[in-house]
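Listed below are the residues making up each chain.
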Amino acid sequence: MLKPVVLPKNAFKLFFQSLKGLGTVYAPVKVSEKSYSFKEVHSPEEIAFEALRTILPPKKFFYPQEETLIRYKNGDFEEVQPEKKFQVIFGVHPCDLASLGILDTIFSSEPADSHYLKRREQSLLVGLSCMPDKHCFCNAMNADTAGSAYDLFLTDTGEEYFIEIRSAKGVELIKSLAEKVSDANPENHEAYKEFWKKREAAFSHGLETENLRSLLDLEWENQIWDEMGKRCLSCGNCTPVCPTCYCFDLVDIAGLNAKEGERVRQWDSCQFVGFAQVNGDFNFRATPADRLKFWYRHKLHGFDDAYGFKTCVGCGRCTESCPAGIDDIVQVVKILQGKKENKHYEP
Ligand code: SF4
Ligand code: SF4
């Protein structure tokens, strides 16, 4: 990592202008009384700096909800490449950066996903510090500090931003602001440490992650799964909002002349009833309880063997967006661990 610098907040406008000079800038914007969404912004005034979790995570910029992969016509086909467009994603919090680190690993494993990787190459990620709320547990999932997926990371220390620089793209941007930034001095370092200490103390939600792997195996028949299954609506809300869920479906859309068409990749959800349905009308995960168990296992230990990490970063989006009020990983794990009475999930 390169030496950190400090940017006075009153120079943020210039920082923003430099970002705009690179390409389209996206940042959290307030879209309703309680919700925020990453949208294109044209000025700093549009940015909701207070936003904690956006409805959809920033994965949508690299792995869109729907994209055409192939077009075919008269027996021939062409691969459709992602648009050449540089994008700056501003205001990405530590858990979402951690999730992009996870997706980077998964999408670059063979066979690598060239569409995802191309969009990652054509982007600059600017992280921003945040304070946790009652649904955050990124600290328990080792995703509470800026990881490796960012180019620049801004910690709000009051009058200034303490900026960590991680990539050549980040260095270039900071160079263009040489007159406005200064090397971080010992006082700035103290303010930085103070912020992160305060943040650590602000977590009220969390879980012990030791032995999650054997816990999920041993508690495969726990009654909680059926109890949750009875209340689950199979709406699938918990998966698009999850920053590390990436299941998709491939759909061939044929033209009316039956000579041309396209193959489209669309986000899918393992919580939909048809997700594991195969020919012969057999469904590998026919009930909501089967699907919930699968998802929890996937998040909490399904990737341990292949990659050595879990795929939950503790962002709290699934809990906040579940219309049945059941998808709370922390509570479920505590009940499985016997640390909490199972009252909440009784139907
Ligand atoms: S499982 Fe839930 S808390 Fe964990 S990363 Fe996904 S949405 Fe966030
Ligand atoms: S959001 Fe809640 S109700 Fe909907 S599928 Fe997920 S767990 Fe079930």
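How each quantity is defined
- Residues numbered from 1 in each chain as written.
- Chains lettered and ligands numbered in written order.
- Predicted model: local features only at pLDDT ≥ 70, side-chain atom pairs only at ≥ 80, totals over all residues.
- Heavy atoms only, no water.
- Helix = DSSP H or I, 4+ residues; strand = E, 2+ residues; numbered from the N terminus.
- Rg over C-alpha atoms; globule rule 2.2 N^0.38 Å.
- Buried < 20%, exposed > 50% of the residue type's maximum accessible area, 1.4 Å probe, protein only.
- Areas by Shrake-Rupley, 256 points an atom, 1.4 Å probe, with all protein chains shown as cover.
- Lys, Arg positive; Asp, Glu negative; His and termini not counted.
- Charge placed at Lys NZ, Arg CZ, Asp CG, Glu CD.
- Salt bridge = Lys/Arg side-chain N within 4 Å of Asp/Glu carboxyl O.
- Near = heavy atom within 4 Å.
- Nonpolar A, V, L, I, M, F, W, Y, C, P; charged D, E, K, R; others polar.
- Phe/Tyr/Trp six-rings, centres within 6.5 Å; stacked < 30°, edge-to-face > 60°.
- Lys NZ or Arg CZ within 6 Å of the ring centre and 35° of its normal.
- Pairing = 2+ DSSP bridges.
- Axes fitted to C-alpha atoms, helices over the stretch in contact; angles between N-to-C directions.
- Contact = heavy atoms within 4.5 Å.

Further remarks concern the overall build of the chain. Along the chain, the regular secondary structure elements total eleven helices and 14 strands. Computed over the C-alpha atoms, the radius of gyration of the chain is 22 Å, within 12% of the 20 Å expected from 2.2 N^0.38 for a compact globule of 347 residues. When its C-alpha atoms are laid out on the principal axes, the chain stretches across 70 × 65 × 40 Å. A burial count over the chain gives 50% of its 347 residues as buried. Within the structure as shown, the chain displays about 17,200 Å² of accessible surface, and the carbon and sulfur contribution to it stands at 50%. A gap of 1 Å separates the mean positions of the 43 positive and 51 negative side-chain charges of the chain.

With that settled, consider the pattern of salt bridges. Counting across every chain of the model gives 18 salt bridges. The partner of Arg 71 in a salt bridge is Glu 262, with the nearest N and O atoms 3.4 Å apart. Taken as a pair, Arg 71 in strand 4 (residues 66–73) and Glu 262 in strand 12 (residues 260–267) lie far apart in primary sequence, 191 residues in all. With a closest N to O distance of 2.8 Å, Asp 104 and Arg 120 form a salt bridge. With a gap of 16 residues between them, Asp 104 in helix 2 (residues 94–108) and Arg 120 in helix 3 (residues 114–121) connect regions that are remote in the sequence. We note that Asp 104, like Arg 120, is buried. Each of the salt bridges in this network shares a partner with another, and the network as a whole consists of Glu 67, Asp 113, Arg 119 and Arg 265.

This paragraph deals with the site of ligand 1. With respect to spatial proximity, 13 residues lie near ligand 1, and among them Cys 242, Cys 312, Val 313, Cys 315 and Cys 318 are the closest. Of all elements in the fold, only helix 8 (288–300) and helix 10 (317–321) reach the threshold of two or more residues within the shell around ligand 1. Here the residues of the shell around ligand 1 are counted per class, giving nine nonpolar, two polar and two charged.

With that settled, consider the packing of aromatic side chains. Enumeration according to the criterion identifies 22 aromatic pairs in this entry. Aromatic side chains Trp 225 and Tyr 296 sit 5.4 Å apart centroid to centroid with 65° between the ring planes, which places their arrangement in the edge-to-face category. Of this pair, Trp 225 sits in helix 7 (residues 223–231) while Tyr 296 is found in helix 8, placing the two residues 71 residues apart along the sequence. With relative accessibility at 0%, the residue Tyr 296 sits in the buried group. Following the ring pairs from residue to residue traces out a cluster consisting of Phe 62, Tyr 63, Phe 107, Tyr 116, Tyr 246 and Trp 267. Positioned above the aromatic ring of Phe 294 is the side chain of Arg 285, whose terminal nitrogen or guanidinium carbon lies 3.6 Å from the ring centre. Its guanidinium or amino end placed over the ring of Trp 220, Arg 297 lies 5.2 Å from that ring's centre, counting from NZ or CZ.

Taken in spatial order, the four strands make up an open sheet running 5-4-12-11, and their pairing is antiparallel. Edge positions in the sheet fall to strand 5 (76–79) and strand 11 (248–254), since each of these pairs with one other strand and no more. Put simply, the sheet's adjacent strands are angled 25° from each other on average, direction ignored. As judged from the seven bridges shared by strand 4 and strand 12, these two strands associate in the antiparallel manner. The residue of strand 12 that forms the bridge with Lys 73 is Glu 260. Of the strands in this sheet, strand 4, strand 5 and strand 12 touch helix 3, which is tilted by about 125° from strand 4.

Residue Pro 111 follows Glu 110 across a cis peptide bond; omega there is -5°. Structurally, the position occupied by Pro 111 is in the loop between helix 2 and helix 3. Phi angles above zero are rare outside glycine, and Asn 142 is one such case at about 60°. Residue placement: Asn 142 occurs in the loop between strand 7 (123–128) and strand 8 (152–156). Look at Asn 142 and you get exposed, because its relative accessible area is 72%. The phi dihedral of Asn 211 falls on the positive side, at around 60°, and the residue is not glycine. Looking at the secondary structure, you find Asn 211 in the loop between helix 5 (186–201) and helix 6 (212–218). Under the relative-accessibility criterion, Asn 211 is labelled exposed at 58%.

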